[in-house]
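Close look at the chain arrangement
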Amino acid sequence: MSEMARGLVLHSPQGVPYRFDPGALCLELVPTGGPGEWARYEVLHHPADLAVWAARSRLTPVPEIDVTPDEVVEAKRLRDALLRMATRQAHGQPLEAADLDVVNELALAPPLVPRLLGASDRRWARPATGGQLLSTVARDAIELFSGPYAHRIRQCATDNCYLLFVDTSRPGRRRWCSMQRCGNVHKVKALRARQAAADDRPAEPEFAAHPDEPRAQDRSAHETPPEPRPTPRAHRQQAATPTPLAAPRPADASASTDANAEQPPADSQRPRGLTRDAGWEIGVSKTLPHPPSVVWDFISGDEGIAIWLGPGAELHQEKGAPYETADGASGEVRGYRPGDRIRLTHRAPGSTRDTTIQVAVSRARAEGKAVLRFHQERLSDASERAHRREHWKQVMAHVADALG
């Protein structure tokens with residue numbers, strides 16, 4: 001069983017990417033399609049498609065493979081056999097002899113051959129063929145189904161998810177294809193079931209202010225200012241950012257729900273949303289009916305990051321770590337406090353200037369709920385601020401819908 005690079009990037013029905021680790025090379029071939037009802041997921045149509053799959057698999061380095069149309073047909077035959085085998089194994093059923101014959105037949109061919117070119121320089125010998133690739137996959141399947149992890153081949157525990165994986169974790173308790181997807185959905189459903197049974201209190205408005213802020217009159221979209229500089233009297237849940245964004249909002253917040261970072265002098269005509277230190281800025285927050293840990297796990301995972309930052313981005317906790325989204329946005333991490341907040345720079349595709357984005361999660365006043373905040377500063381003008389206000393409202397709605 002292969003122990004190389006981990007995981008595939010799959011897409012939900014809504015097009016949101018998430019990482020799925022089947023745990024073995026042979027099981028990475030299974031999500032490429034299948035017979036019958038699985039034909040609608042087929043991605044192996046041409047020789048180049050099999051080469052692309054090999055490049056995205058856990059085989060490292062990327063093999064340079066010459067594939068023929070007949071080898072694509074053989075790849076589908078192997079894939080379908082592995083699908084049936086893994087499904088039967090996951091449900092404690094005996095394997096079919098015909099499927100075993102397919103695996104054993106393809107394993108007879110020579111596999112991919114590694115070459116050592118120098119210290120830390122490993123390549124696959126050329127020429128490499130589709131037949132060698134399939135032999136390597138078939139041999140990986142023989143190792144898996146005859147090895148110590150055979151009894152850990154499982155199907156995702158979500159009712160409508162049929163992804164198959166081998167649980168290679170030390171405790172052997174993996175149940176979900178991905179914690180960022182089905183795992184979070186399960187936790188959210190379980191929480192809501194417990195709340196429904198134990199909490200009959202009236203629901204809070206959909207959009208709510210921070211627990212320590214006065215509630216706005218407009219409940220459809222509440223905008224919040226950046227968090228204040230901490231003082232000895234500050235609420236413990238209002239931890240300051242590495243560089244404070246603004247001064248506290250005044251006690252009377254009924255006149256505005258926008259993110260005024262500081263109150264200007266009485267004779268000032270500074271427009272709403274324009275601050276002295278952070279320029280034009282906007283903030284949106286919402287109270288979600290989930291614990292902060294659930295919201296944080298989602299918002300910091302692949303599916304959540306794809307919603308609020310963009311698909312394809314990978315965020316690392318180190319300060320200064322760069323990122324880039326699939327659509328060309330880029331920036332670097334300025335602060336990352338697990339369970340609390342992420343702060344980063346953001347340069348839109350085609351732009352020459354950076355803004356700053358912060359996403360934060362905190363405990364709400366109501367038990368078992370969390371406040372999620374998005375804040376963006378250093379915008380160019382009032383027009384961009386209005387545009388980003390609508391953007392973050394849509395992002396918030398998408399996150400709430402994904403969490404359920």
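The model shown is predicted, which means the values in this text are computed figures rather than measured ones.

A few points about helix H5 (residues 130–146)
Over its 17 residues, H5 runs 24 Å from end to end, which matches the ideal 24 Å to within 8%, given 1.5 Å per residue. H5 sits mainly inside the fold: 12 of its 17 residues count as buried. Burial in H5 covers these residues: Gly130, Gln132, Leu133, Leu134, Ser135, Thr136, Val137, Ala138, Asp140, Ala141, Leu144 and Phe145.

A look at the pattern of salt bridges
Across all of its chains, the model carries 21 salt bridges by this definition. The partner of Asp302 in a salt bridge is Arg19, with the nearest N and O atoms 4.0 Å apart. Taken together, the positions of Asp302 in helix H8 (residues 302–308) and Arg19 in strand E2 (residues 17–20) put the pair 283 residues apart, joining distant regions of the chain. Notably, a salt bridge pairs Asp340 with Arg341, separated by 3.3 Å at the nearest N-O pair. On the accessibility criterion, Arg341 (3% relative accessible area) is buried. Ionic contacts of the salt-bridge type, sharing partners, join the residues Arg19, Asp302 and Glu314 into one network.

Examining the packing of aromatic side chains
In this structure the tally under the stated criterion is five aromatic pairs. One residue, Arg122, lies across the ring of Trp124, its end atom 4.6 Å from the ring centre. The ring of Phe165 carries the charged tip of Arg174 above its face, separated from the ring centre by 4.0 Å.

Digging into the confidence of the model for the chain
In the predicted model, the chain carries a mean pLDDT of 80, and 76% of its residues have values of at least 70. Across residues 201–267 the pLDDT falls below 50, and counting only partners more than four positions away or on other chains, this stretch makes 132 contacts in the model.

Looking at the packing of helix H7 (residues 292–299) against helix H9 (residues 382–403)
Between H7 and H9, the least distance of the axes is 11 Å, while the angle of their chain directions is 115 degrees. Taken together, the axes of H7 and H9 lie roughly perpendicular to each other. For the crossing formed where H7 meets H9, the hand is right-handed. Across from Val294, Val295, Phe298 and Ile299 in H7, the residues of H9 making contact are Val399, Ala402 and Leu403. Grouping the amino acids of the contact of H7 with H9 by side-chain chemistry returns seven nonpolar, no polar and no charged.

Some remarks on unusual backbone geometry
With the exception of glycine, most residues fall at negative phi, and the peptide bonds are largely trans. For the bond from Thr60 to Pro61, the omega torsion is -5 degrees, close enough to zero to count as cis. Relative to the elements of secondary structure, Pro61 occurs in the loop between helix H2 (47–56) and strand E3 (65–66). In the Ramachandran plot, Ser120 falls in the positive-phi region, its phi being about 65 degrees despite a non-glycine side chain. With respect to the helices and strands, Ser120 occurs in the loop between strand E4 (114–118) and strand E5 (121–124). Backbone geometry at Arg378 places phi at a positive 65 degrees, although glycine is not the residue there. Relative to the helices and strands, Arg378 resides in strand E15 (residues 370–379). Arg378 sits in the partly exposed class, given a relative accessible area of 38%.

Parameters at a glance
Residues numbered from 1 in each chain as written. Predicted model: local features only at pLDDT ≥ 70, side-chain atom pairs only at ≥ 80, totals over all residues. Heavy atoms only, no water. Helix = DSSP H or I, 4+ residues; strand = E, 2+ residues; numbered from the N terminus. Expected span 1.5 Å × (residues − 1). Buried < 20%, exposed > 50% of the residue type's maximum accessible area, 1.4 Å probe, protein only. Salt bridge = Lys/Arg side-chain N within 4 Å of Asp/Glu carboxyl O. Phe/Tyr/Trp six-rings, centres within 6.5 Å; stacked < 30°, edge-to-face > 60°. Lys NZ or Arg CZ within 6 Å of the ring centre and 35° of its normal. pLDDT = per-residue confidence, 0-100. Contact = heavy atoms within 4.5 Å. Axes fitted to C-alpha atoms, helices over the stretch in contact; angles between N-to-C directions. Parallel < 35°, antiparallel > 145°, perpendicular 65-115°, else oblique. Left-handed = near helix turned anticlockwise from the far one by under 90°. Nonpolar A, V, L, I, M, F, W, Y, C, P; charged D, E, K, R; others polar.

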